[in-house]
Amino acid sequence: MHIGAGQLRHRITVRRSAEVQNAAGGYDTAWSTIATARAKIEGLGGREVMFAQALQGISSYRITIRWRAGLQARDQIQLADGSTLNITAPPADPDGRRRWLTIMADSGSVRSEA
């Protein structure tokens, strides 16, 4: 796999959720930034699905970044325009050489900031 530095045109932020106790004794979800990176983002198409009895469009993406350990399928990707994507599969090392990381993500059912 060959990716030139010029193809890493997009800045992404990787975020992870954690449960934090609130004043009422319950728990809220808080998102924190765990990494920022330059990325190559490829749109893979879209589809429409029913969420909460409403038809919604979902776009799928393949995001390639330089190797970074520790990303998880439960993390989110935030794009520079503010869009948020869910990682849909564990990030993969496409050639086994720890040079690149491929992340599959989509816009469907994005978990909220709440």
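Residues numbered from 1 in each chain as written. Predicted model: local features only at pLDDT ≥ 70, side-chain atom pairs only at ≥ 80, totals over all residues. Heavy atoms only, no water.

J.: Talk me through the overall build of the protein; I want residue IDs and the actual numbers.
T.: When helices and strands are tallied, the protein shows 0 helices and 6 strands. The buried share of the protein, taken over its 114 residues, is 29%. The contacts in the protein between residues at least 6 apart in sequence include a share of 54% that link residues at least 24 apart. Surface summary for the protein: the accessible area is close to 6800 Å², and the carbon and sulfur share equals 48%. (Helix = DSSP H or I, 4+ residues; strand = E, 2+ residues; numbered from the N terminus. Buried < 20%, exposed > 50% of the residue type's maximum accessible area, 1.4 Å probe, protein only. Contact = heavy atoms within 4.5 Å. Areas by Shrake-Rupley, 256 points an atom, 1.4 Å probe, with all protein chains shown as cover.)

J.: Which residues make up the environment of R11, and what values do they have?
T.: As for its position among the elements, R11 is in strand β1 (residues 10–21). Taking relative accessible area as the criterion, R11 reaches 45% and is therefore assigned partly exposed. Separated by 28 residues in the primary sequence, R11 and A39 place their C-alpha atoms 6.0 Å from one another. With residues up to four places along the chain from it excluded, the contact list for R11 reads T36, A37, R38, Q78, L79 and A80.

J.: Now, about the side chain of R16: what can you tell me, with residues and values included?
T.: Its place among the elements puts R16 in strand β1. A polar atom in the side chain of R16 sits 2.8 Å from the backbone oxygen of G70. Engagement of the side chain of R16 in a polar contact is seen with the side chain of D75, the distance being 2.7 Å. The contact partners of R16, leaving out residues within four places of it in the chain, are A30, W31, S32, I34, G70, L71, Q72, R74 and D75. (Polar contact = N/O pair within 3.5 Å; in protein donor to acceptor, adjacent residues only side chain to side chain.)

J.: Quick one: what's the story with the pattern of salt bridges, residue by residue and with numbers?
T.: In total, this model carries 3 salt bridges according to the counting rule given. The partner of D75 in a salt bridge is R16, with the nearest N and O atoms 2.7 Å apart. A residue pair is termed long-range when its members are at least 10 positions apart, and D75 in the loop between β3 (54–66) and β4 (76–79) and R16 in strand β1 qualify at 59 residues. Neither residue differs from the other here; D75 and R16 are each classed as buried. A salt bridge links R62 to E42; the nearest nitrogen and oxygen atoms lie 3.1 Å apart. Residue R62 is located in strand β3, and its partner E42 is located in strand β2 (residues 27–51); the two are separated by 20 residues in the primary sequence. (Salt bridge = Lys/Arg side-chain N within 4 Å of Asp/Glu carboxyl O.)

J.: Help me get a handle on the side chain of N86, residues and values and all.
T.: Mapped onto the secondary structure, N86 falls in strand β5 (residues 84–87). A polar contact of 3.4 Å, which involves the side chain of N86, links it to the side chain of Q76.

J.: How would you sum up the nonpolar core? Please name residues and give values.
T.: Formed by 15 residues in total, the largest nonpolar core has its most connected members in I12, I63, I65, I77 and I103. Elements represented by at least two residues in this core include exactly β1, β2, β3, β4, β5 and β6 (100–106). Dropping the residues within four chain positions of it, I65 is found in contact with I12, A37, R38, A39, L71, R99, W100, L101 and I103. (Core = buried A, V, L, I, M, F, W, Y, C linked by side-chain atoms within 4.5 Å.)

J.: Outline the pairing of β4, supporting the account with residue identities and numerical values.
T.: Successive residues of a regular strand alternate their side chains across the two faces of the sheet. Where β1 and β4 come together, 4 bridges link them in antiparallel fashion. Its bridge partner lying in β4, T13 is registered against Q78. Bridging between β4 and β5 involves 3 bridges; their strand directions are antiparallel. Bridging across to β5, Q78 finds its partner in T84. Taken together, β4 and the strand that follows it, β5, pair antiparallel across an intervening segment of 4 residues, in which G82 is found at a positive phi of about 95 degrees. (Pairing = 2+ DSSP bridges.)

Everything listed here is a matter of coordinates, which is why it stays silent on function.
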